[in-house]
Amino acid sequence: MFQTLYSYFWWERLWLPANLTWADLEDRDGRVYAKASDLYITLPLAFLFLVVRHLFETYVATPLAGLLNVKEKIRLKATPNAVLEKFYATTSKHPKQADVETLSKKSGCTVRQVERWFRRRRNQDRPSLLKKFREASWRFTFYLIAFIAGMAVIVDKPWFYDLREVWKGYPIQSMLPSQYWYYMIELSFYWSLLFSIASDVKRKDFKEQIIHHVATIILISFSWFANYIRAGTLIMALHDSSDYLLESAKMFNYAGWRNTCNNIFIVFAAVFIITRLVILPFWIMHCTVVYPLDLYPAFFGYYFFNFMMVVLQSLHIFWAYLIIRMAQKFITGKARGGLGRARGSQRHGEAVVEDERSDREETDNSEEEEEAAAAAVKNGPLSNGHPVLNNNHRKTD
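Quick caveat: nothing in here was measured; it's all calculated off a predicted structure.

Colleague: Account for the overall build of the protein chain, with residues named and values stated.
Modeller: For the protein chain, the helix and strand inventory stands at 13 helices and four strands. Scored against the burial criterion, the 397 residues of the protein chain give a buried share of 45%. For the protein chain, the exposed surface amounts to about 21,300 Å²; the carbon and sulfur share of it is 62%.

Below you can see the structure in the form of structure tokens.
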């Protein structure tokens, strides 16, 4: 049965145009072609990426965070409470009002204390600023190197300037060593992202990120199997062109360099929209949808490749919506909170760019009052034996 499934999976009509067979893509006369077995190396390389990432975050990103004065916010810890902890772990991290009242009776706490406990407990589980900075540093480094390497691979090729050259002689197109390593490194990196996604910072678009990683892995792998290598290198370089800008903006945001972060984000937004909403659909997808039909009739591989391109493009539209919404708030100065949202600061006249996909840290007015009271007790003054609270302080998210 396995042999039958294997035969169906590698049926030539699924992967290649009519009248072509796998025998046509066998190495001969010094010409080397892509093979499915080449991709086996990407799995051990993915684990190697995880090791390199750990070393990078420990010995490069962490010291860099110290140099940039990335500071952790001191979080108030939730008081140990078995009843509330059990509900938090097994039922919900966001109890409804009826649940809060029930938990209040069971735990012996007031309703306000239960609400405060869940706020503090959720904040404890949120990733630290240092963790976010280290992740952004690693991705920035990879995307920047990958973009430079990708441009070096394709900038001197004729299909970089004339997209019709992508299909010249297809599928009898030999593979270059530079294309081989570009593919192996990119695919290995996305495997490593998929392997580490459970332990990485979880954002609001967590499901979309999983879809993106899976779609990217399938698209890269399929383009290798079907010898869509020329189109694949163009697509990968196009994606890397804006990703490193976003990660660098995050790094400066976590370091508190607001103006630098804002300026980089403006550049990122422009590059993202131009590459993902203009160049990709109207040049690259036009190249993969229209030009091949001049050479051979459509086959399953043609439809499958372009379907995966549509999936990626749908995700780009979703993320472009978030970026444009942020940019609108950024320009009007009405933005508030989290890189993807901008917050206008009346005190400094600046806009702070943060991540719309991130969970915001929750605040509690009563906690702010407690902290202010504690500071007032320490520093004075007193009025009628009670600390005078400063109600003119500026609250921060």
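Still more to cover.
Colleague: Got a sec to walk through the nonpolar core? Specific residues and values, please.
Modeller: Among soluble globular proteins, nonpolar side chains are generally buried collectively. In terms of nonpolar packing, the biggest core is built from 72 residues, with V166, W167, W224, Y228, I284 and M309 touching the most fellow members. When contributions to this core are tallied by element, the ones reaching two or more residues are helix 3 (42–67), helix 7 (129–154), helix 8 (177–196), helix 9 (206–225), helix 10 (229–254), helix 11 (258–289) and helix 12 (300–332). Ranked by the residues each element gives to this core, the list is headed by helix 12, at 11 residues. Beyond its immediate stretch of four places on either side in the chain, Y228 contacts W167, Y170, Y183, S223, Y296, F299, G301, Y302 and F305. If you look at the next biggest cluster of nonpolar residues, it comprises 10 residues, including A78, V100, L103 and C109.

Colleague: With reference to specific residues and values, describe empty space enclosed by the protein.
Modeller: Of the voids in this model, the second largest cavity is the one considered here, and its volume is about 150 Å³. Lining the second largest cavity are 14 residues, with T216, L219, I220, I235 and M236 sitting closest to its centre. If you list the elements that add at least two residues to the lining of the second largest cavity, you get helix 8, helix 9, helix 10 and helix 12. The element that contributes the greatest number of residues to the lining of the second largest cavity is helix 10, accounting for five residues. Residues that form the lining of the second largest cavity fall into these classes: eight nonpolar, four polar and two charged.

Colleague: So what's going on with the packing of helix 4 (residues 82–90) against helix 6 (residues 111–125)? Residues and values would help.
Modeller: Where helix 4 meets helix 6, the closest approach of the two axes is 11 Å, and the angle between their N-to-C directions is 55°. With respect to helix 6, the axis of helix 4 lies oblique. Note on packing geometry: the crossing formed by helix 4 with helix 6 is right-handed. Touching L84, E85, F87 and Y88 of helix 4 are V114, W117, F118, R121, R122 and D125, all from helix 6. Across the contact of helix 4 with helix 6, the residue classes break down as six nonpolar, no polar and four charged.

Colleague: I'd love a proper account of the packing of aromatic side chains, names of residues and values included.
Modeller: Here a ring pair, both rings aromatic, is described through the centre-centre distance and the interplanar angle of the planes. Counted by the stated rule, this structure contains 40 aromatic pairs. Seen from their ring centres, W191 and F195 are 5.6 Å apart, and the 25° between their planes marks the pair as stacked. Taken together, the positions of W191 and F195, both in helix 8 and four residues apart, correspond to about one turn of that helix. Residue W191 is classed as partly exposed on the basis of its relative accessible area of 23%.

Colleague: An account of the side chain of D38 is requested, with residue identities and associated values reported.
Modeller: Counting through the fold element by element, D38 comes out in the loop between helix 2 (12–15) and helix 3. Of the buried charged residues, D38 lacks a salt bridge, with K35 as the closest side chain of opposite charge at 5.1 Å.

Colleague: Give a description of the pattern of salt bridges that names residues and reports values.
Modeller: Enumeration according to the criterion identifies 12 salt bridges in this entry. Through salt bridges with shared partners, a single network forms among R53, E57, K131, R134, E135, R139 and D200.

Colleague: Hey, could you go over the layout of surface pockets for me, with residue numbers and the actual values?
Modeller: Quantified by volume, the second largest pocket comes out at close to 640 Å³. When contributions to the lining of the second largest pocket are tallied by element, the ones reaching two or more residues are helix 1 (2–9), helix 2, helix 3, helix 8, helix 9 and helix 12. At five residues, the largest contribution of residues to the lining of the second largest pocket is made by helix 9.

Colleague: Outline helix 9, listing residues and values.
Modeller: Under the 1.5 Å per step criterion, the end-to-end length of helix 9 is 29 Å for 20 residues, consistent within 8% with the ideal 28 Å. N227 sits one or two positions beyond helix 9 and adopts a positive phi of about 65°.

Colleague: Give me the lowdown on the side chain of T233, citing residues and values where you can.
Modeller: Relative to the helices and strands, T233 resides in helix 10. A distance of 2.8 Å separates the side chain of T233 from the backbone oxygen of R230, its partner in a polar contact. Excluding residues that lie within four positions of it along the chain, T233 makes contacts with I154, W159, Q179, Y182 and Y183.

Analysis parameters
- Residues numbered from 1 in each chain as written.
- Predicted model: local features only at pLDDT ≥ 70, side-chain atom pairs only at ≥ 80, totals over all residues.
- Heavy atoms only, no water.
- Helix = DSSP H or I, 4+ residues; strand = E, 2+ residues; numbered from the N terminus.
- Buried < 20%, exposed > 50% of the residue type's maximum accessible area, 1.4 Å probe, protein only.
- Areas by Shrake-Rupley, 256 points an atom, 1.4 Å probe, with all protein chains shown as cover.
- Core = buried A, V, L, I, M, F, W, Y, C linked by side-chain atoms within 4.5 Å.
- Contact = heavy atoms within 4.5 Å.
- 1 Å grid on protein atoms, 1.4 Å probe; cavity = no way out; pocket = protein on both sides within 12 Å on 5 of 7 lines; lining within 4 Å.
- Points joined across faces, edges and corners; volume = space filled by probe spheres on them.
- Nonpolar A, V, L, I, M, F, W, Y, C, P; charged D, E, K, R; others polar.
- Axes fitted to C-alpha atoms, helices over the stretch in contact; angles between N-to-C directions.
- Parallel < 35°, antiparallel > 145°, perpendicular 65-115°, else oblique.
- Left-handed = near helix turned anticlockwise from the far one by under 90°.
- Phe/Tyr/Trp six-rings, centres within 6.5 Å; stacked < 30°, edge-to-face > 60°.
- Lys, Arg positive; Asp, Glu negative; His and termini not counted.
- Salt bridge = Lys/Arg side-chain N within 4 Å of Asp/Glu carboxyl O.
- Expected span 1.5 Å × (residues − 1).
- Polar contact = N/O pair within 3.5 Å; in protein donor to acceptor, adjacent residues only side chain to side chain.

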